[in-house]
Every structure is written in structure tokens, then in C-alpha cells.
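# A closer look at the structure
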Amino acid sequence: MRLFCGLMLGASLMLAALPASAQEDLRVDGDWTHTASGMVFPERLGNALRTRIHSYDAEQLDVSAGYSLRRGGELGFVTLYVYPAAPGQDCAASFAEIERNVARSYADVKLASKDRWPSPSGATPDIAYHARFTMTGTLDGKEQPLTSESYLFCPAGGTWLVAARGSWSRSAKLEDAFAELLHGLDWPVQLDDAGATPPPQK
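Analysis parameters
Residues numbered from 1 in each chain as written. Predicted model: local features only at pLDDT ≥ 70, side-chain atom pairs only at ≥ 80, totals over all residues. Heavy atoms only, no water. pLDDT = per-residue confidence, 0-100. Contact = heavy atoms within 4.5 Å. Phe/Tyr/Trp six-rings, centres within 6.5 Å; stacked < 30°, edge-to-face > 60°. Helix = DSSP H or I, 4+ residues; strand = E, 2+ residues; numbered from the N terminus. Buried < 20%, exposed > 50% of the residue type's maximum accessible area, 1.4 Å probe, protein only. Lys NZ or Arg CZ within 6 Å of the ring centre and 35° of its normal. Core = buried A, V, L, I, M, F, W, Y, C linked by side-chain atoms within 4.5 Å. Disulfide = S-S within 2.5 Å. Salt bridge = Lys/Arg side-chain N within 4 Å of Asp/Glu carboxyl O.

## Some details on the confidence of the model for the chain
Chain-level statistics for the chain give a pLDDT mean of 84 and a share of 84% at 70 or above. Segment residues 1–18: pLDDT under 50, and 72 contacts once partners within four positions in sequence are set aside and those in other chains are kept. Below pLDDT 50 for its whole length, residues 197–202 participates in 14 contacts with residues either more than four positions away or in separate chains.

## As for the packing of aromatic side chains
In this description, an aromatic ring pair is defined by two values, namely the gap between the centres and the angle between the planes. Applying the stated criterion to the full structure yields five aromatic pairs. Taking 5.9 Å as the distance between ring centres and 55° as the angle between the ring planes, the aromatic pair formed by Trp117 and Tyr151 counts as tilted. Placement of the pair is Trp117 in strand S10 (residues 110–117) and Tyr151 in strand S12 (residues 142–153), with a sequence separation of 34 residues. Here Trp117 matches Tyr151 in class, with each residue buried. Ring centres of Trp117 and Phe178 lie 6.0 Å apart, and the angle between their planes is 50°; on these two criteria the pair is classed as tilted. With Trp117 in strand S10 and Phe178 in helix H2 (residues 175–184), the pair connects residues that are 61 residues apart, well separated along the chain. Exposure class is identical for Trp117 and Phe178. Each is buried. By the ring-pair criterion, three or more aromatic residues cluster together here, those being Trp117, Tyr151, Trp168 and Phe178. Against the face of Tyr129 rests Arg116, its NZ or CZ located 4.0 Å from the ring centre.

## Overview of the nonpolar core
Formed by 33 residues in total, the largest nonpolar core has its most connected members in Phe41, Leu80, Tyr151, Phe178, Leu181 and Leu182. Contributing elements (two or more residues each) for this core: strand S5 (39–41), strand S7 (48–55), strand S8 (63–71), strand S9 (74–84), S12, strand S13 (160–169) and H2. The greatest single-element share of this core, amounting to five residues, is contributed by H2. Not counting the four nearest positions on each side in its chain, Leu80 is found in contact with Phe41, Val63, Ser64, Ala65, Tyr67, Ala163, Ala164, Leu181, Leu182 and Leu185.

## What to know about the state of the cysteines
A disulfide bridge is the covalent bond that connects two cysteines by way of their sulfur atoms. For the structure shown, the criterion picks out one disulfide. A sulfur-sulfur separation of 2.0 Å characterises the disulfide bridge that pairs Cys91 with Cys154. Residues Cys91 and Cys154 are joined by a disulfide whose S-S torsion is about 90°; by sign, that bridge is right-handed. Within this pair, whereas Cys91 is found in helix H1 (residues 91–105), its partner Cys154 is found in the loop between S12 and S13, the two being separated by 63 residues in sequence.

## Some points on the environment of Ser150
Assignment of secondary structure puts Ser150 in strand S12. Taking the C-alpha atoms as reference points, Ser150 and Ile98, 52 residues apart in sequence, are found 8.0 Å from one another. When near neighbours in sequence (up to four residues on either side) are disregarded, Ser150 contacts Phe95, Ile98, Val102, Tyr129, His130, Ala131, Phe133, Ala164 and Arg165.

## Re unusual backbone geometry
Notably, Gln60 is not glycine yet its phi reads approximately 60°, a positive angle. Of note, Gln60 is situated in the loop between S7 and S8. A positive phi is found at Asp140, a non-glycine position, where the angle reads about 55°. Topologically, Asp140 is positioned in the loop between strand S11 (128–139) and S12.

## Observations concerning the pattern of salt bridges
Evaluated as defined, the whole model comprises six salt bridges. As a salt-bridge pair, Lys114 and Glu99 come within 3.0 Å of each other at their nearest N and O atoms. Note that Lys114 is positioned in strand S10 and Glu99 in helix H1, a separation of 15 residues in sequence. A single salt-bridge network, built from bridges that share partners, covers Glu97, Arg100 and Arg104.

Following this line, the structure appears as C-alpha cells:
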């Protein structure tokens, strides 16, 4: 099980239960493709600049890409994750675990809102899980009030999971920029199944 934990460059990282020797930052110039899924992490996406690609396993199946996001002088950090789904994994339960770990990571964390979002490209409505939190944490070397968003999408077929975490100063207004970054990526069919049936609302 992956855990959302403390803020780092590129926003929060979900740490995999793997030996440290199996994890590494990849040295990449230009766009990078997650070969197993076809997912492309571009070096630049609009106003977002990729800062890091991290592999949590030797086969580079379980990866994340961090982006710094700037808009109108405001700064946020977004991390995108693509990783194999556990057999029989329930998407709602996986997102509930993400929420619990965010809550355990900050003394003053509050759930500001919780709703359903479309698949990453926006092709399938109300299929992904999304929550917005407020807390106090460190961003860009400064402790300050933060807004943080978590997103989880479980594509049809159950092979891969797609997650995202965004964090920015509470005074910044980067909610739309976070959603636009997700929608702006070129999502492979297997990671954004437009024919998927939305799960029941809870």
C-alpha cells in the first residue's frame, strides 16, 4: 500500500514498501515515457515544469513525476503517480487509505471538500476520487497555511492506478490549474478508459 506523507519537492511523495536500493531518481532529458503503460510525462506542460521522475522499483513500473506549477506569480507543486494495482483492489478503499494518511501527517489537517472527478482526460465523468484538505506545512522552504488536493483514478481492467497530489499556499488559487494539468496530459487509452462505467456514488 502506498502512503501519502510529508511535503517534499514536487509535493508529497507516496513511499512504496520497497528497499531503498530499488528506488531512484531517473536522469531524464526531454519527455519521458512509462513504457509499461504508455504514459508520457512531458518536460513542460503549459506553465508546469517537470522537476523530478522517481522510480520506486527496479523495473520502473511504479513511478512518479513531480511538477512545479506557476500561474500569475503563484507557485504550487504537483506529483503524478502511475503504478500497478494490487489484485482485487477496491478503489474507494484505496482512496480512504490516502485520506487517513494525509490526516495522520499533519496536526491541523482538515477535510475541506470531497467529491467525484472525471477520468484524467475528462472523458468519463464522476469516476475518480478527489479530496481537498487544508493544513499547515512547508512549501518552497517556508512553513505556511496550505491547500492540498488528492486524486485517485482506477482505470477499467484494474492493471494500473493513477494518482495525483497538489499543494500550494492557501492564499493561492491553483485549483483550476491542478485540474488543467491532469486534463492536459496525453493519457493512453488503458489509463483513461472512456468506456468505463462509473462506480456507485457513496
